[in-house]
Amino acid sequence: MSEIDKIMEEAEHAYFREDDIEKVLKLTEKAIEIEPTDIRPWDLMGVALFETGHNDESMICYDKILSLDPENNDAKLKKGQVYTEIGKYDDAIAIFDELIENRTDRKDEAIIAKLTLYLEQENEEAYQETMELCKQIIAEEDSKYLKDEIGFIESVHSIMESNKK
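In this text the structure is predicted, and so the values were computed from the model without any measurement.

J.: Just checking my understanding: could you explain helix H9 (residues 144-164) for this structure?
T.: One turn of an α-helix holds 3.6 residues; hence residues three or four places apart share an orientation. Its 21 residues give H9 an end-to-end C-alpha distance of 31 Å, which sits within 8% of 30 Å, the value for a rise of 1.5 Å per residue. Turning to H9, the residues buried within the fold contact helix H7 (107-121) and helix H8 (124-141).

J.: What is the right way to look at the nonpolar core in this model?
T.: Nonpolar side chains tend to gather and get buried jointly when the protein is soluble and globular. Core analysis: the largest hydrophobic core is formed by 49 residues, its most contacted members being Phe96, Ile111, Leu115, Tyr127, Cys134, Leu146 and Ile153. Those residues in contact with Tyr127 that lie beyond four places of it in its chain are Leu115, Tyr118, Leu119, Ile153, Glu154 and His157.

J.: What should I look at first to understand the pattern of salt bridges in this one?
T.: Side chains that carry opposite charge are capable of pairing whenever their charged atoms lie near each other. Considering all chains together, one arrives at 19 salt bridges under this definition. Among the salt bridges present, the one from Asp74 reaches Arg106, with a minimum N-O distance of 3.3 Å. Pair noted here: Asp74 is in helix H5 (residues 73-85) and Arg106 is in the loop between helix H6 (89-101) and H7, with a separation of 32 residues, a long-range link. Residues Asp142 and Lys147 are paired through a salt bridge, measuring 2.2 Å at the closest nitrogen-oxygen approach. Sharing partners across several salt bridges, the network here consists of Asp43, Asp74, Lys78, Arg106 and Glu109.

J.: Help me understand unusual backbone geometry in this model?
T.: Excluding glycine, most residues fall at negative phi; most peptide bonds, likewise, are trans. One non-glycine residue, Asp19, lies in positive phi territory at about 55°. Position of Asp19 among the secondary structure elements: in the loop between helix H1 (3-18) and helix H2 (21-34). In this model, Asp142 sits at a positive phi of 55°, which is unusual for a non-glycine residue. Mapping Asp142 onto the fold places it in the loop between H8 and H9.

J.: Looking at this model, I keep getting lost on H5. Mind explaining?
T.: Here H5 contains 13 residues, and its C-alpha end-to-end distance of 18 Å stays within 8% of the 18 Å for a straight helix at 1.5 Å per residue. Burial analysis of H5 places 10 of its 13 residues in the buried class, the great majority of the element. Where H5 is concerned, the buried positions are Asn73, Ala75, Lys76, Leu77, Lys78, Lys79, Gly80, Val82, Tyr83 and Thr84. Packing partners of the buried residues in H5 comprise helix H3 (39-51), helix H4 (55-68), H6 and H7. The distance from a side-chain oxygen at the start of H5 to the backbone nitrogen of Asp74 is 3.2 Å, and the residue carrying that oxygen is Asn72. Positive backbone phi, approximately 85°, marks Gly87, located one or two places after H5.

What counts, and at which threshold
Residues numbered from 1 in each chain as written. Predicted model: local features only at pLDDT ≥ 70, side-chain atom pairs only at ≥ 80, totals over all residues. Heavy atoms only, no water. Helix = DSSP H or I, 4+ residues; strand = E, 2+ residues; numbered from the N terminus. Expected span 1.5 Å × (residues − 1). Contact = heavy atoms within 4.5 Å. Core = buried A, V, L, I, M, F, W, Y, C linked by side-chain atoms within 4.5 Å. Buried < 20%, exposed > 50% of the residue type's maximum accessible area, 1.4 Å probe, protein only. Salt bridge = Lys/Arg side-chain N within 4 Å of Asp/Glu carboxyl O. Polar contact = N/O pair within 3.5 Å; in protein donor to acceptor, adjacent residues only side chain to side chain.

Structural measurements only, silent on function.
So this is what it looks like as structure tokens:
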């Protein structure tokens, strides 16, 4: 096992088992110093920073990943989530739309993120359009993930609609 693999294993343990964000950040910084082109530390650092509300720094991590691997759909999705968090909704939607339209491996998560965003914005028309797309993809691909998530989202939508009355 290489030195960077050991560091990343320790960083992942600190994140998933210890919930020690400071340790995660120190370890990922160390890993980046050793190998700045390895995407793994950038990704874990981005997640940790996002989780602690350091959205600008998190965005830097995802931009770095995309500079190393422009087709990294996971980084695109996470960048869209950061945009959502900081209120740049048009930028978030553009990323989610790209992931969906290109039928990437992250399209299902992008649809859920988009539906959630429209719920939060109370944009009923956009919500309904996205829901139709979601149902179409479920019918075409039999996506278990979308089926599971859609029930919850529809419940939230129903509650929100009844609270408006």
